[in-house]
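Next come the chains, spelled out residue by residue.
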Amino acid sequence: MAVRGIKSTRVVRPSGVGPAVVLVDGGVIAGVVPAAPPGVEVVDVGRLVVSPGLVDCHVHMNEPGRTEWEGFETGTRAAAAGGVTTVVDMPLNSTPVTTTRDALDAKLASAAGRCFVDVGFWGGVVPGNAGDLPGLAEGGVLGCKAFLVHSGIDDFPNATARDLAEAMPVLRDHGLPLLAHAELDLGAPVTDVTETSPRAYRGYLRSRPPAWEDEAIKLLVGLCRQTRCAVHVVHLSSASSLDTLRQAKDEGLPITVETCPHYLCLDAESIPDGATLFKCAPPIRERANREALWKGLFDGVIDFVISDHSPCAPALKLPDTGDFAHAWGGIASLQLGLPNVWTAARRRGASLTQIAEWMSARPAAFAGLGHRKGRIAAGLDADFVVWDPDAAFAPASEDLFFRHKVSPYLGAALTGRVRQTILRGVPVFDGTAHPAGPIGQRLLKRDAAREAS
Ligand SMILES: [Zn+2]
């Protein structure tokens with residue numbers, strides 16, 4: 001295939017934003033130059049921004065097994081439509097959960113030939129499976145996730161400190177991070193839960209207080225110090241943990257942190273009672289907490305932003321009763337991360353370069369994919385999102401490619417519209433449809449290790 005170019009007045013590189021032609025050869029970025037050499041076919045996108053494709057390393061595809069919730073085909077179509085060119089799938093809520101090599105192989109088989117973007121996989125740490133972790137590592141997982149609190153499904157039980165102390169040295173020796181859902185069930189003020197209606201968002205919020213996160217994170221910091229296994233705190237919601245995390249990073253511990261669009265863009269004060277589409281764990285907290293999370297992101301205590309796309313069959317959100325206690329917790333948002341975060345970030349003075357850091361470069365590096373993904377630089381995969389950061393729109397259900405066309409963001413006033421998504425040089429989304437078909441490849445650690453060496 002001949003070298004081709006994509007030209008824009010706003011190409012987002014780690015060094016800044018400016019006019020350039022990105023040369024693409026065989027799916028890889030061949031160079032970034034001021035003008036295309038003679039004879040190179042160039043597509044000029046004008047003032048549309050060319051950013052590195054987003055890397056969303058926290059997605060629940062729920063396949064195999066719970067395909068009535070989501071699936072690789074629908075989920076990766078949504079990813080492509082959102083400018084996401086790489087996703088990493090969580091070890092739950094598929095059936096089986098990805099806690100053994102056999103389960104990983106079943107997942108790889110179910111994803112094969114059906115993905116519209118590139119896909120990596122996390123394995124799972126559950127009580128008693130430390131012996132399965134080497135097999136998962138050899139199978140190519142990029143890391144393994146554990147819950148410190150009930151996961152929401154009984155086939156993925158939470159790990160105790162003792163389970164983690166057993167698993168973490170194994171992960172460390174395989175060069176894999178532990179990802180942790182950081183909440184410890186400390187109990188909640190019973191009166192708050194029982195005295196409010198199950199439809200009251202405030203009751204749900206109080207049932208999972210910041211202390212649950214703060215104590216879990218302290219426990220994880222201690223285990224990290226003890227084992228030197230890399231620890232990643234998924235979906236941080238409680239800003240009161242930021243000091244602990246900052247100190248751990250200052251100490252030099254291998255700790256990273258992510259948060260989600262819903263913690264950065266939404267707030268507890270605005271969630272109507274009975275609106276269970278907003279239920280997730282840990283919960284969306286108050287505005288003051290949200291602003292502290294933004295500060296943590298700008299300061300670098302929070303490393304990056306991922307969707308935690310976790311849809312379910314719509315009936316499980318209990319729309320008729322609006323019962324927060326019993327509705328499934330999880331927010332469907334994979335396709336809408338870029339406009340959500342950009343709309344809120346721009347108001348707070350963020351640049352296009354910062355968006356690329358938070359949503360492409362750092363999640364790619366964390367997942368061990370930084371040598372191929374997450375930046376516009378020579379030698380990396382030609383993964384781009386071409387988008388209009390000034391286009392205002394309100395997401396409508398017919399725009400969504402999720403299996404179920406529901407999201408708490410429907411009708412929101414957003415800015416930043418994806419016009420085209422390019423995966424390894426090939427357009428996989430053109431603004432309305434997916435022209436290339438399911439050309440996504442799997443991204444396995446064993447391949448990554450070989451490529452990087
Ligand atoms: Zn999740």
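Overview of the structure. (Residues numbered from 1 in each chain as written. Predicted model: local features only at pLDDT ≥ 70, side-chain atom pairs only at ≥ 80, totals over all residues.)

### Regarding the sheet that holds strand β11 (residues 178–181)
Then, number 1: The parallel open sheet is built from six strands, whose spatial order is β9-β10-β11-β12-β13-β14. Strands with a single pairing partner mark the edges of an open sheet, and in this sheet they are β9 (123–124) and β14 (304–305).
Then, number 2: Contacts from helix α7 (residues 210–227) reach β11, β12 (231–233) and β13 (255–259) within the one sheet, and its direction differs from that of β12 by about 165°. (Pairing = 2+ DSSP bridges. Helix = DSSP H or I, 4+ residues; strand = E, 2+ residues; numbered from the N terminus. Contact = placed C-beta atoms within 7 Å. Axes fitted to C-alpha atoms, helices over the stretch in contact; angles between N-to-C directions.)

### Some points on helix α10 (residues 287–299)
Then, number 1: Here α10 contains 13 residues, and its C-alpha end-to-end distance of 18 Å stays within 8% of the 18 Å for a straight helix at 1.5 Å per residue.
Then, number 2: Three or more residues of α10 are buried, namely R290, L293, W294, G296 and L297. Taken down its axis, α10 places every buried residue within 160° of arc, on the same side. More than 90 degrees from the buried face of α10, the exposed residues found are A288 and D299.
Then, number 3: For α10, the elements touching its buried residues are α8 (242–250), β13, α9 (261–265) and α12 (352–366).
Then, number 4: In the segment just after α10, G300 is the residue with positive phi, at about 90°. (Expected span 1.5 Å × (residues − 1). Buried ≥ 20, exposed ≤ 12 C-beta atoms within 10 Å, placed from the backbone. Arc of directions from axis to C-beta.)

### Thoughts on the environment of A80
Then, number 1: Counting through the fold element by element, A80 comes out in helix α1 (residues 72–81).
Then, number 2: In the structure, A80 is positioned 343 residues away from L423 in sequence and 8.7 Å away in space, judged by C-alpha atoms.

### Concerning the sheet that holds strand β7 (residues 84–89)
Then, number 1: Judged by pairing direction, the sheet is parallel, and its four strands sit side by side in the order β6-β7-β8-β18 without closing on themselves. Each edge of the open sheet carries a strand with a single partner, namely β6 (54–59) and β18 (442–443).
Then, number 2: Judged from the four bridges that link them, β6 and β7 form a sheet pairing that is parallel. Paired with V55 across the strands is T86, a residue of β7.
Then, number 3: α12 rests against β6 and β7 of the sheet, and its axis sits at about 55° to β6.

### Examining the pairing of β13
Then, number 1: With respect to burial, β13 is a largely interior element, five of its five residues being buried.
Then, number 2: Side-chain alternation along β13 places I255, V257 and T259 on one buried face and T256 and E258 on a second face that is also buried.
Then, number 3: Sheet analysis places β12 next to β13, joined by three bridges and oriented parallel. Note on β13: the bridge partner recorded for V233 is V257.
Then, number 4: As for the winding sense of the linkage, the β-α-β connection from β12 through α8 to β13 is right-handed.
Then, number 5: Two elements, β13 and β14, share two bridges in a ladder whose sense is parallel. What sits directly across from E258, in β14, is F304. (Right-handed = clockwise from strand over helix to strand, strands pointing away.)

### What to know about unusual backbone geometry
Note: most residues except glycine have negative phi, and most peptide bonds are trans.
Then, number 1: With omega at 0°, the peptide bond leading from E63 into P64 counts as cis.
Then, number 2: Its place among the elements puts P64 in the loop between β6 and α1.
Then, number 3: Cis geometry is adopted by the peptide bond preceding P282, which originates at A281 and carries an omega value of -5°.
Then, number 4: Tracing the sequence through the fold places P282 in the loop between α9 and α10.
Then, number 5: With a phi angle near 30°, H235 is a residue other than glycine that sits in the positive phi range.
Then, number 6: H235 sits in the buried class, given 24 other C-beta atoms within 10 Å.
Then, number 7: A positive phi is found at D308, a non-glycine position, where the angle reads about 50°.
Then, number 8: Among the structural elements, D308 can be located in the loop between β14 and α11 (337–347).
Then, number 9: Its 26 C-beta neighbours within 10 Å are what place D308 among the buried residues.

### Focus: the nonpolar core
Then, number 1: Ranked by internal contacts, the top residues of the largest apolar core, which has 137 residues, are V22, V117, C144, L178 and A180.
Then, number 2: Top element by residues in this core is α12. It accounts for seven residues.
Then, number 3: Apart from residues no more than four positions distant in its own chain, L178 is found in contact with V125, C144, A146, M168, L171, C229, A230, V231 and H232. (Core = buried A, V, L, I, M, F, W, Y, C linked by C-beta atoms within 7 Å.)

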